[in-house]
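Okay, here's what each chain looks like letter by letter:
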Amino acid sequence: MRVFSVSYDGYLVNASDSGQSNYHTTMVPSLGINFGLCFQIPGW
């Protein structure tokens, strides 16, 4: 059996500038690609 999936997520991140005390909120996208292979060993 083979399994394949694609996912797209967005994460809300609260970040700060290194030179200032300025915090801002931004969305960070994430793309995931997964592939799985399932097999059974005879006798198990």
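The sections below set out a description of the structure shown in this document. Everything quoted here is computed from the prediction, not taken from an experiment. (Residues numbered from 1 in each chain as written. Predicted model: local features only at pLDDT ≥ 70, side-chain atom pairs only at ≥ 80, totals over all residues. Heavy atoms only, no water.)

## A look at the overall build of the protein
Helices and strands together make up the secondary structure of the protein, namely zero helices and two strands. Across the 44 residues of the protein, 2% fall into the buried class. Carbon and sulfur atoms form 58% of the exposed surface of the protein, whose accessible area is close to 4300 Å². (Helix = DSSP H or I, 4+ residues; strand = E, 2+ residues; numbered from the N terminus. Buried < 20%, exposed > 50% of the residue type's maximum accessible area, 1.4 Å probe, protein only. Areas by Shrake-Rupley, 256 points an atom, 1.4 Å probe, with all protein chains shown as cover.)

## Comments concerning the environment of M1
By the element assignment, M1 lies in the segment before β1 (2–16). M1 sits in the exposed class, given a relative accessible area of 66%. Leaving out residues up to four positions away in the same chain, M1 has contacts with G36, L37 and C38. (Contact = heavy atoms within 4.5 Å.)

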